[in-house]
Amino acid sequence: MSVLNGAISIVLGIAGGIAVGSGVIALILVLDMIPRLAQVTQSYDKTHWYEGALIGGSLLGTVADFWHWKLHGVMLLSPIVGMFCGVFIGLLAAALTEVLNVLPILAKRLGMRSYLFGLLLAMILGKMTGSLFDFFIYRR
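For the protein chain, the name recorded in an unreviewed UniProt entry is Stage V sporulation protein AB, with Paenibacillus barcinonensis as its organism.

This part is about the overall build of the protein chain. Looking only at helices and strands, the protein chain features six helices and zero strands. A globule of 140 residues ought to have a C-alpha radius of gyration of about 14 Å, yet the protein chain, at 20 Å, is considerably larger. Taken over the C-alpha atoms alone, the protein chain extends approximately 65 × 40 × 35 Å along its principal axes. Restricting the contact set of the protein chain to residue pairs at least 6 apart, pairs at least 24 apart contribute 42%. For the protein chain, the exposed area adds up to about 11,800 Å²; of that, 74% sits on carbon and sulfur atoms. For the protein chain, the distance from the average site of its 9 positive side-chain charges to the average site of its 6 negative ones is 12 Å.

Moving on, we get to the environment of Q39. As for its position among the elements, Q39 is in helix α2 (residues 33-41). Residues Q39 and I28 lie eleven residues apart in sequence; the distance between their C-alpha atoms is 15 Å.

In contact at an axis separation of 10 Å, α2 and helix α3 (residues 47-66) are set at 130° when each is read in the N-to-C sense. On the basis of the axis angle, α2 is oblique to α3. The handedness of the crossing between α2 and α3 is right-handed. Each of I34, L37, A38 and T41 in α2 lies in contact with α3, whose residues at this interface are T47, Y50, E51 and L54. Its residues placed into classes, the contact of α2 with α3 shows five nonpolar, two polar and one charged.

The UniProt entry lists residues 6-31, 52-69, 81-103 and 115-138 under the feature "transmembrane region" (unreviewed entry), expressed in the numbering used here. Taken end to end, residues 52-69 comprises 83% helix and 0% strand; its first and last C-alpha atoms sit 22 Å apart. Helix makes up 96% of residues 115-138 and strand 0%, whereas the separation of the span's terminal C-alpha atoms amounts to 32 Å.

Tallying each qualifying case throughout the model produces three aromatic pairs. Between F135 and F136, the aromatic rings sit 4.9 Å apart at their centres with planes inclined by 80°, giving edge-to-face as the arrangement. An aromatic cluster of three or more residues is present, and its members are F66, W67 and W69.

A separate point is a nonpolar patch on the surface. The grouping of F117, L121, L125, M128, L132, F133, F135, F136, I137 and Y138 at the surface amounts to a nonpolar patch, some 1,100 Å² of accessible area in total. Along the chain, the position of L125 falls in helix α6 (residues 116-138).

Rules used in this analysis
- Residues numbered from 1 in each chain as written.
- Predicted model: local features only at pLDDT ≥ 70, side-chain atom pairs only at ≥ 80, totals over all residues.
- Heavy atoms only, no water.
- Helix = DSSP H or I, 4+ residues; strand = E, 2+ residues; numbered from the N terminus.
- Rg over C-alpha atoms; globule rule 2.2 N^0.38 Å.
- Contact = heavy atoms within 4.5 Å.
- Areas by Shrake-Rupley, 256 points an atom, 1.4 Å probe, with all protein chains shown as cover.
- Lys, Arg positive; Asp, Glu negative; His and termini not counted.
- Charge placed at Lys NZ, Arg CZ, Asp CG, Glu CD.
- Axes fitted to C-alpha atoms, helices over the stretch in contact; angles between N-to-C directions.
- Parallel < 35°, antiparallel > 145°, perpendicular 65-115°, else oblique.
- Left-handed = near helix turned anticlockwise from the far one by under 90°.
- Nonpolar A, V, L, I, M, F, W, Y, C, P; charged D, E, K, R; others polar.
- UniProt positions renumbered as here; feature names shortened; annotations may be inferred.
- Phe/Tyr/Trp six-rings, centres within 6.5 Å; stacked < 30°, edge-to-face > 60°.
- Patch = residues over 30% accessible without salt bridge, like charges linked within 9 Å, V, L, I, M, F, W, Y side chains within 5 Å.
- Salt bridge = Lys/Arg side-chain N within 4 Å of Asp/Glu carboxyl O.

Below, the structure written as structure tokens:
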């Protein structure tokens, strides 16, 4: 019975991983994150480096999480890793906003075209404040 349970767990784990991975890759492809990043940085010839970094980071993160890797005494790297995570999330959010044109449509419908910068700044500060509250206060 335990061999059957193990086999079922393996099959479900692989199927779930394929489903989640396919969804993430589909989202990244639909949002054109890598071509947009190459366009913004004017580095079309380095597109394969962006793709490799995305795949390598995903693989390294998965392996580190799966095997519970821990780095002791490397607290100075936390802000750097946090910055890279923030850049990725920011790129993802910017790509999603750009594809859907959410902010211009919202500003037009609410009659706030002249306040678009303030609206964007309020959203950024609200997200940052909520994240800091969650990290420093709520998790204690």
